[in-house]
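# An overview of the molecular structure
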Amino acid sequence: MKKMVLLGDEAIAQGALDAGISGIYAYPGTPSTEITEYVQFSKQALQDNVKFSWCANEKTAVETALGMSYAGLRSMACMKHVGLNVAADPFINSAITGAIGGFIVVAADDPSMHSSQNEQDSRFYGDFAFVPVLEPTDQQEAYDMVHYGFDLSEKYEIPVLLRITTRLAHSRSNVIVREKRPQNKPKLPTDPIRFVLMPFNARRRYKILLDKQPDLLKESENSPFNRYFNAEDKSLGIIVSGIAYNYLVENFESHKVPFPVLKISQYPLPKEQIERIFDECIEILVIEEGYPFIEDKLRGFLGRGLKIRGRSDGSIPRTGELNPSIVGKALGIEYKTGIKPPEIIVPRPPSLCQGCPHSVTFEALNIALDGYSTGRVLSDIGCYTLGALPPYNSINSCVDMGASITMAKGVADAGFHPVVAVIGDSTFSHSGITGLLDAVNDKSPITVIIADNLTTAMTGGQFSPSIGKIEDICRGLGVEEEHIRIFEPHHRKLNEIVQILKEELNYRGVSVIIPRRECLVTLTKRTREERKKAQAKKV
Amino acid sequence: MKKDIIISGVGGQGILSIAATIGYAALEASLYFKQSEVHGMSQRGGEVQSHFRLSDKPIASDLIPEGKTDMIISVEPMEGLRYISMLAPDGWLITNTTPFVNIPNYPDLDKILDEIKKFPNNIAIDAEKIAKEVGSPKSANIVLLGAASRFLDIDYEILKNAIKTVFYKKGEEVIEGNFRAFEAGRKIAFNL
Ligand SMILES: Cc1ncc(C[n+]2csc(CCOP(=O)(O)OP(=O)(O)O)c2C)c(N)n1
Ligand code: SF4
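In every chain, residue numbers begin from 1 and rise along the written sequence. Whichever chain is written first becomes A and whichever ligand is written first becomes 1, with later ones labelled in order. Residue-level local features of this predicted model are given only where pLDDT is at least 70; pairs of side-chain atoms are given and counted only at 80 or more, and the full residue set underlies all totals for whole chains, interfaces and linings. Heavy atoms throughout the structure, all of them, feed into the side-chain values; hydrogens and water do not.

## Digging into the sheet that holds strand 10 (residues 236-241) of chain A
All names here are of chain A. Cut-off, in case you're wondering: A pair of strands is treated as paired once DSSP finds two or more bridges between them. Numbering of helices and strands runs from the N terminus; a helix is a DSSP stretch of H or I covering at least four residues, while a strand is a stretch of E covering at least two. Throughout, a contact is declared for two residues whenever any of their heavy atoms are within 4.5 Å. Helix axes are fitted to C-alpha atoms over the stretch in contact, other axes to C-alpha atoms as well, and angles between N-to-C directions run from 0 to 180 degrees.
The mixed open sheet is built from five strands, whose spatial order is 9-11-10-13-14. Of all the strands in the sheet, just strand 9 (227-229) and strand 14 (308-309) have a single pairing partner and so form its edges. Of the pairings in the sheet, the one linking strand 10 to strand 11 (residues 261-264) comprises four bridges and is parallel in character. What sits directly across from Ile-239, in strand 11, is Leu-262. Strands in contact with helix 12 (residues 271-280) are strand 9, strand 10, strand 11, strand 13 (283-287) and strand 14; relative to strand 11, the strand with the most contacts, it is inclined by about 160 degrees.

## Structural notes on the domain arrangement of chain A
Interfaces are often sized by the amount of accessible area the parts lose when they come together. All names here are of chain A. Test applied: The domain limits used here are those given by an automatic or database domain assignment. Put simply, buried area is how much 1.4 Å-probe accessible surface two parts lose in total, over both of them, once they are put together. Criterion for a salt bridge: a side-chain nitrogen of Lys or Arg within 4 Å of a carboxyl oxygen of Asp or Glu. Within 3.5 Å is the distance limit for a polar contact, defined as a pair of N or O atoms, with the added protein rule that one can donate a hydrogen and the other accept it, and that residues adjacent in sequence qualify only through two side-chain atoms. We call Asp, Glu, Lys and Arg charged. Ala, Val, Leu, Ile, Met, Phe, Trp, Tyr, Cys and Pro are nonpolar, and the rest, Gly among them, are polar.
With domains assigned, chain A is organised as domain 1 (2-183 + 195-211), domain 2 (227-330) and domain 3 (357-522). In this assembly, 13 residues from domain 1 lie in contact with 13 residues from domain 3. Three residues stand out in domain 1 for area buried against domain 3, namely Tyr-27, Trp-54 and Gln-117, and they jointly supply 49% of the buried area on that side. Our count for the domain 1 to domain 3 interface comes out at zero salt bridges. On the surface where domain 1 and domain 3 come into contact, there are five residue pairs in polar contact (both at pLDDT 80 or more). Counted by class, the side of domain 1 that touches domain 3 contains six nonpolar, five polar and two charged residues.

## Structural notes on unusual backbone geometry
Residue and element names in this part refer to chain A. The peptide bond linking Thr-30 to Pro-31 adopts the cis configuration, its omega dihedral lying at 5 degrees. Mapping Pro-31 onto the fold places it in the loop between strand 2 (23-26) and helix 2 (33-40). Residue Pro-418 follows His-417 across a cis peptide bond; omega there is -5 degrees. With respect to the helices and strands, Pro-418 occurs in the loop between helix 16 (403-413) and strand 16 (420-424). Even without being glycine, Ser-112 reaches a positive phi, approximately 80 degrees.

## Topic: the environment of Val-101 of chain B
Secondary-structure assignment places Val-101 of chain B in the loop between strand 5 (87-96) and helix 3 (109-117). Distance from Val-101 of chain B to Met-78 of chain B, taken between C-alpha atoms, is 10.0 Å for residues 23 residues apart in sequence.

## Re the confidence of the model for chain B
Residues and elements named next belong to chain B. Note the following rule: Confidence of the predictor at the level of single residues is captured by pLDDT, which takes values from 0 to 100.
Looking at chain B, the pLDDT average stands at 94 and 100% of residues meet or exceed 70. In the model of chain B, helix 1 (residues 15-28) stands out as the element of lowest mean pLDDT, 92, in contrast to strand 4 (residues 69-74), which has the highest, 97. The ipTM assigned to the predicted complex is 0.93, against a pTM of 0.96.

## Considerations on the site of ligand 1
Residues and elements named next belong to chain A. Note the threshold: We call a residue near a molecule or strand as soon as one heavy atom of that residue lies within 4 Å of the molecule or strand. Areas reported as accessible are Shrake-Rupley estimates using a 1.4 Å probe. Residue values count occlusion only from the protein chains shown.
Surveying the vicinity of ligand 1 reveals 26 residues, the closest of which are Glu-58, His-358, Cys-383, Thr-427 and Ala-457. Between a nitrogen atom of ligand 1 and a side-chain N or O atom of Glu-58, the distance comes to 2.6 Å. A distance of 2.9 Å separates an oxygen atom of ligand 1 from a polar side-chain atom of Asn-453. Here ligand 1, which alone exposes 590 Å², has 98% of that area covered by the protein. Where the shell around ligand 1 is concerned, the elements lending two or more residues are helix 5 (81-86) and helix 17 (425-431). Classifying every residue of the shell around ligand 1 by side-chain character gives ten nonpolar, 13 polar and three charged. Both domain 1 (2-183 + 195-211) and domain 3 (357-522) contribute no fewer than three residues apiece to the shell around ligand 1.

Shown next as structure tokens:
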């Protein structure tokens, strides 16, 4: 029996490698990034020739993984929860075409929004697409579910959604790993017509998808991950999903809950077990990480007849991450309030690193825009979003990746000038390019700053898909050569930079400004590695 | 045996090295453990904390229940106080006294230190200074781990082996420096 110490994310990656995966595709996003990073640096992946890539965005990642499944191989696409919004189109439609090689999409939700714009619950996407959802309780289940998920996917020719949350993604524990099994052999589909979703065929495929549902329900009811723990006290029955199960049992001596517990880790919801707990117990408490997905389904619209408690009825806070105390309190367990933190403690929000190239860009932008009313800098998601906070207060929006350029165009269309978009290099390749094309086609008077720090910094420095290509992309889209301005954002060049910004702010067309200097964190890491290599050579 | 530990500080202060060291030691001592850490936005100079749970029995929750923490190890004085509501009444607060000032409204340090001294079970040490004195200026985090080792119930040799494992890639010199930092911190805790 071989044991490894793994983060939840790493357990998924190791699980995939041991279950015979052939390709993993991702766009980084907390808390999902470490899955793909693990494969990137894994010797096992290299030996087995497992393809990996940091894709331009989540949509291209899911489509590529689907292509590999089409060719008979096992594949996975990994993303944070909002990434699944971007990939929703291929995800929903892949349920209709169906999969061939085992096909898993991993969505990592972020309740409490530790590093995200929202706390959406990906289980709704599974429901929406009519595909099975797996929701691991711990690192071991995360590992085992990849094997199981690939089998389920191949058996029913359907994509499988693996849903995790931040706490599991970034928590480490022992995992028992299995022998590696062989990868599939590539083979083109014998009935490729099923992937042609023209209406006549889409209708046929959609029916096939719906016809699979009773079998998927049976799978859930017989799943080793959905378990019923009976107990004496039937005054309450507890339905608990995923990681919330740990918080529940933490509240009881030797982890023995005195009430019947139905632990759910596979969807569609196991009907038989749910009927049983409703038949046996007087009241039901639903504990789930994320939205009240199970609770609202069980209660229904009118909520008549059944006594169900959970997040919707206020027994558990409606928003935010769960923990043992929140769950304990919902069960009436008393928690002694701890020592109150002294009042002098102040929050410590994240901030740009000392000497970060973005800080120079913001400083210059503030000077260049001095005199104009505020509210005309539309921005995006990345380290540079921290420019919204003091001391910069430079940017006025951060909505979804790519929205800076398109929103700036909307503001310009509303009659304002100058209007600025601030976007990072990785975000530009993710979904800024199409918006820039719109702006060029309409000759919109906007100034687009592509803050190029040569990496995807916010998530830890992954490959940035448009590296070395940004100005060529802009030229190709039709941005005029003389309005593509490139410089190194150094403090000593501040005056020069302000001058460039002012010139372009005055131009009534599309300008692209590219401040280019490497992120300090990746720079330090790279120099350290290079020095080590050089030393190794000398020895 | 059960030890629930919160390791706190600011993103980039070496919290994950402390956690990793205890992790390797737990593995060698055949203990169960769960360690949750913070990745993402907060790592850019924000407040970060790691929950470390050690036990000879299986552990359920990745997070420590409120008011049940046996020990807070803080690489930064204000950050240790931030999680104080998590500490058990007889828990220990082991903290660095050198502040990490990256916000304009950082409170008066003396007031912070006074608050720390209000806890009967506190060990407040200038870990940066000690790390410098033993010739390993980057090892303030390991000085604190050394102090914490008094309460860890893990064999001394096992902990030292774990340090070796964590810093293995950085070479012999770094390992030795961290050993000295560990010893210095440990000595302070035992001489209290
Ligand atoms: C759809 C979506 N995918 C992924 C993320 C996570 N994410 C936020 S910022 C970011 C990287 C931004 O990189 P870049 O634009 O180069 O800016 P930098 O952080 O390097 O300054 C990522 C991957 C997200 N918020 N939304
Ligand atoms: S990680 Fe890089 S891009 Fe992000 S704030 Fe630090 S230096 Fe700037």
